[in-house]
Structures are given as structure tokens and as C-alpha cells.
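Next come the chains, spelled out residue by residue.
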Amino acid sequence: MVDTPAENVKLIVDGKTFELPVITGTEKEKAIDISNLRKDTGYITLDNGYANTGSCKSAITFLDGEVGILRYRGIPIEQIAENSTFLETSYLLIYGDLPTKTQLTNFSKSFTKHAAIHKDMEKFFEGYPATGHPMGILSAMVVSLGAYYPELIKPEPSKEEIDLIAVELLAKVRTICAHSYKKSIGKPLVGPRDDLQYIPNFLHMMFSTKTKDYKIVPEMVDALQTVLILHADHEQNCSTSTVRMVGSSWANLFASVSAGICALWGPLHGGANQEVIEMLEVIQKDGGNIQKYINKAKDSNDNYRLMGFGHRVYKNYDPRAKIIKKRAHDLLKKLGIKDPLLDLAVTLEDAVLKDDYFQQRKLYPNVDFYSGIIYRAIGIPTKMFPAMFAIGRMPGWIANWKEMKESSETRIGRPRQIYTGRLTRDYVPMNNR
Ligand code: CMC
């Protein structure tokens, strides 16, 4: 519940005083409501990268980056990561509460029913080159899914129709990812099995062949479960805001999520997990000279950044990174794997945390720093890491789109700008017609 405005702040513009309402969230976060600012004063606000702008009220995820708190529907991420499954977490995010046993069984059954993609869609993979990035393929395939459900592509789907699209997206995203991997290695696609749960089914489609079933390793399933849970939502990040923005024009959920996948692909967002491993490999090949790369990242004349460090909202250790780091160590130990990149990552983190530049800017490892070590141990290729993030973020995108759709306050997303271009001038014919 959000409090009704209890207080106002005063703003003096051109000598005149205006009162702006203060909105307080359940965790006592405060916002100045500027909805009428332009109408009342003629001014707009300018906020580069929306760092101080609340775009909506939301009851899905709470995070306090100053202290490193993250909660889904009020439940601390540490408790969810320890006790829940990805499917249960998805239900929690989308519907607001943990499911009963019956609700979860029905939810899970619907994934089995919707796991396979249409035979015609499988042919799409023949058209992509083996070098195609899985995120480009995933985004195109997700928006194309809508073509198979013309009856669902409408501005105002019913509650039941939204539920159906949600299951379609959650079930098929892992099938599409696994198929794009098979395509990239030039092997035949392997379809889902009815007897396997969400994550084992994904691993089966990734690693089984037409003649040999992949042996599921429970430790890998557990680790992947944790990673997907930790990625499941993160309030108004770049991709989720994109999903809401696209959906605010009444575009359908397939189209909105497809746009979210493209936003996630960027190296500053979900593409960072791929970049982290590639960065560590470069440092390793360069003789493990960590200081050289730290200095490069600190050089204001160099755009280079240490990938996997820093966050717009966390000014403390990212709670997700803490859990993933431990998970990575545990998994490698259980599987008896020695990965030199994990040792390098730990050494790099130690050096960064001691460095003044990073301390002053409160730059800590984020969720993407250690997730790649887990993916590598499972055998997932580096190029697929951002797609793994997309599988994990799917419930968060759906929950946010649904919440936006159900809110009576939603308006089409349409920011303003401050124009800095040329003043009016006449058209001078250049004889180009
Ligand atoms: N390496 C070196 N310097 C950095 C880094 C980094 N990874 N991140 C931020 N800085 C510096 C930046 O140069 C700036 O310095 P100065 O004040 O001297 O100009 C200062 O720290 C503040 O950075 P910013 O770019 O204004 O911060 P932001 O909030 O706009 O960007 C970020 C956040 C995550 C894009 C950024 O920290 C970054 O590029 N990190 C590396 C990419 C990465 O790991 N992304 C994954 C984020 S977690 C997954 C997700 O939720 O998307």
C-alpha cells in the first residue's frame, strides 16, 4: 500500500511558490510528485539516465542499494535463493504470493504442455548463420511467437489470456535458447521431454543428442536454479523499463518482452556476464597482469571499464553477487573442477576492493561478476550467457508488464526533452529532388 500524500514540498519558480505532493512508499521511500509541474510552472525536469526518476509505483521488488537489500514481494532474496525454486519464484513475482502445492503443480504442468515450439518455427533456425548471437535470435523468435497466437495480440487481453502468454514465454524461452545453441554448433535440435522439470529439461535440450541422453547432474541443476532466481527481477532496470515503455503503448506482451531482450543484450546490462569472462580471459592471456587493467579502468582518458563491477543502485556489495560467489565456489568444489578464471576473478576482486578509485565510487562486484563461472562449469558457452540472464529475467518482465497493464495510473511512456538544436531557419533548395 502506498500512503496518500501527507505532506507537500515547496518549489519556488520565477519568484512564485508551488506546492508539490510527496508520495511515500511502504518502505518509507519518498518521491516528489511532479505530474503537474509543466502545467503549473512551464518547467520540466531533466534527469540524465533517469537516475532520480520514479517511472511507476510497483509492489513487486524492493531494493535498497545503500545497504544491499533485495526482496521479491517482501521476501529477502537470501531466503528465496536458499529455499525456493525458479518456478515457485516466478509464480511469486507474477501473482504476488507463493503458490500452494496445487497451484505450483498446475503451473509446472502448463510448462510441460507449452515447452515445444511450433514445427514451422523450428525452420526459422535454418535461416540463421551459426555465428548469430543467441540474443538476436531470441528477441526475433519471441516477437515471432505472437504470430502463432493472433487471437492474443490485442490491446486489452483478459486475465486468462495474459496467464497463457506468460506460460508460453516462460516455457519457450529456454527451448529457443537451447535450440539456438544447437544451431550454433551445427547439431540437430533436441526437443523437450514431458517427464523433466524446468531446469533439467533445459539442460537436456542443450546437451542431449539425438542418440544419447545427457546425464543430469543435480549439483548443476541446483546452482542454475539459484542463478535464475537471483536474476528473476530487479525493479526498474533498463530492460524492465523498456518492457513497460513498449507495453505502455498497448503493444502486446510478446513484443514488449522482445524489446526487453534487446535492452538486456547491452554490455552495461545483461551482456556484462559474457564480457566478464572475455575480460578475464584477456587478462589471463596477458600474464595475469591485473594492475594493468585496473589502471586502464581508472584512466579518465580511456573508456575501458572493469566488467562486473559497479551498479546504478548498489552502493554496497550486491547481495546477489555475494550468493553467486559462494555458489560458484561450492559448485566447482563439488564437481572437482579447478577453473583458473575463478582464481583470477577472486584476485581481481580483492585488488579492486582495496583500491581508492573503486572505494570512492562505491564500485563492488555485481551479479554478473561470478555468474559466468557457474555457467562455464555447466558447459554453457560464453556467447550464451546473456541469454541465460534473459531466461532468468523473464518472470520479472512479465510481472512488471502485468502490473503496468492492471494499474489505472498507466499512461503511454513519453518523456520530454530540452531541445539544443538550431533555431528556426528557411529551407534553401539544394537541387536534390
Ligand atoms: N569500471 C571502472 N569505472 C567504473 C565502473 C567500472 N566497471 N563503473 C562505474 N565506473 C566509474 C565511472 O567511470 C564513473 O567515474 P567518474 O565519476 O570518475 O566519471 C563512476 O564510476 C560512476 O559511474 P557511472 O557510469 O556514472 O554509473 P552508472 O550508474 O551510470 O552505471 C553501470 C552503472 C553498471 C552501467 C557501470 O557501473 C558499469 O558500466 N559497470 C560495468 C558493466 C557491468 O558490470 N554491468 C552489469 C550491471 S549488473 C546487471 C544489471 O543489473 O544490469
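Enquirer: Please explain helix α7 (residues 134-145) as it appears in this structure.
Expert: Helical periodicity: at 3.6 residues per turn, an α-helix aligns residues three or four positions apart in one direction. For α7, spanning twelve residues, the distance from its first C-alpha to its last is 16 Å, which sits close to the expected 16 Å at 1.5 Å a residue. Among the residues of α7, Pro134, Met135, Ile137, Leu138, Ser139, Met141, Val142 and Leu145 are the ones counted as buried. Looking at the buried residues of α7, the elements they touch are α5 (119-122), α6 (124-127), α8 (159-184), α12 (253-265) and α19 (385-406).

Enquirer: Even after reading the chapter, I still don't get the sheet that holds strand β3 (residues 30-32), so can you show me in this structure?
Expert: As a general point, the strands of a sheet are linked pairwise by backbone hydrogen bonds and lie either parallel or antiparallel. An order of β1-β2-β3 is seen for the three strands of this open sheet, with the pairing classed as antiparallel. Among the strands making up the open sheet, the edge pair consists of β1 (7-13) and β3. Averaged over all pairs of adjacent strands, the angle between their axes in this sheet comes to 35°, without regard to strand direction. Of the strand pairs in this sheet, strand β2 (residues 16-24) and β3 are connected by three bridges, and their pairing is antiparallel. In the strand pairing of β3, threonine 24 is matched with lysine 30.

Enquirer: Looking at this structure, how should I read the sheet that holds strand β5 (residues 69-72)?
Expert: Reading across from one edge, β4-β5-β6 is the order of the three strands in this open sheet, with antiparallel pairing throughout. For this open sheet the edge positions go to β4 (61-64) and β6 (75-76), each flanked by a neighbour on one side alone. Where β5 and β6 come together, two bridges link them in antiparallel fashion. Paired with tyrosine 72 across the bridge in β6 is isoleucine 75.

Enquirer: Please clarify how empty space enclosed by the protein should be interpreted in this entry.
Expert: The probe, sized like a water molecule, is rolled over the atoms to show the empty space still left. Under the criterion given, the structure shown has two cavities of 30 Å³ or more. In this structure, the largest cavity encloses a volume near 40 Å³. As for the largest cavity, its lining consists of Arg174, Tyr198, Ile199, Phe202, Leu224, Leu228, Met388 and Ile391. The set of elements that each furnish at least two residues to the lining of the largest cavity consists of α9 (198-207), α10 (218-231) and α19. Sort the elements by how many residues they give to the lining of the largest cavity and α9 lands first, with three residues. Considered class by class, the residues forming the lining of the largest cavity number seven nonpolar, no polar and one charged. The volume enclosed by the second largest cavity comes to roughly 30 Å³. Class assignment of the residues belonging to the lining of the second largest cavity gives a composition of three nonpolar, four polar and two charged.

Enquirer: Please clarify how the packing of aromatic side chains should be interpreted in this entry.
Expert: As enumerated under the stated definition, the model contains 16 aromatic pairs in all. Aromatic side chains phenylalanine 107 and phenylalanine 111 sit 4.9 Å apart centroid to centroid with 85° between the ring planes, which places their arrangement in the edge-to-face category. Linking phenylalanine 107 with phenylalanine 111, this pair stays in helix α4 (residues 101-114), spanning four residues, or about one helical turn. The exposure classification of phenylalanine 107 matches that of phenylalanine 111, with both residues buried. Each residue in the set Phe86, Tyr91, Tyr95, Phe107, Phe111 and Tyr198 is aromatic and connected to the rest through ring pairs, giving one cluster.

Enquirer: Help me out: how do you make sense of the domain arrangement of the protein chain in this one?
Expert: The parts lose accessible area when they come together, and the size of an interface is often stated as this lost area. You can read the domains of the protein chain as domain 1 (7-71) and domain 2 (272-378). On a C-alpha basis, the centres of domain 1 and domain 2 stand 34 Å from each other. Between domain 1 and domain 2, the contact holds ten residues from the first and eight residues from the second. Interface area, domain 1 with domain 2, both sides summed: about 650 Å², of which 57% is carbon and sulfur. Where domain 1 packs against domain 2, one counts zero salt bridges. Counting across the interface, domain 1 meets domain 2 through three residue pairs in polar contact (both at pLDDT 80 or more). In terms of residue class, the side of domain 1 that touches domain 2 is made up of six nonpolar, three polar and one charged.

The rules behind the values
- Residues numbered from 1 in each chain as written.
- Predicted model: local features only at pLDDT ≥ 70, side-chain atom pairs only at ≥ 80, totals over all residues.
- Heavy atoms only, no water.
- Helix = DSSP H or I, 4+ residues; strand = E, 2+ residues; numbered from the N terminus.
- Expected span 1.5 Å × (residues − 1).
- Buried < 20%, exposed > 50% of the residue type's maximum accessible area, 1.4 Å probe, protein only.
- Contact = heavy atoms within 4.5 Å.
- Pairing = 2+ DSSP bridges.
- Axes fitted to C-alpha atoms, helices over the stretch in contact; angles between N-to-C directions.
- 1 Å grid on protein atoms, 1.4 Å probe; cavity = no way out; pocket = protein on both sides within 12 Å on 5 of 7 lines; lining within 4 Å.
- Points joined across faces, edges and corners; volume = space filled by probe spheres on them.
- Nonpolar A, V, L, I, M, F, W, Y, C, P; charged D, E, K, R; others polar.
- Phe/Tyr/Trp six-rings, centres within 6.5 Å; stacked < 30°, edge-to-face > 60°.
- Domains from an automatic or database assignment.
- Buried area = accessible area lost by both parts, 1.4 Å probe.
- Salt bridge = Lys/Arg side-chain N within 4 Å of Asp/Glu carboxyl O.
- Polar contact = N/O pair within 3.5 Å; in protein donor to acceptor, adjacent residues only side chain to side chain.

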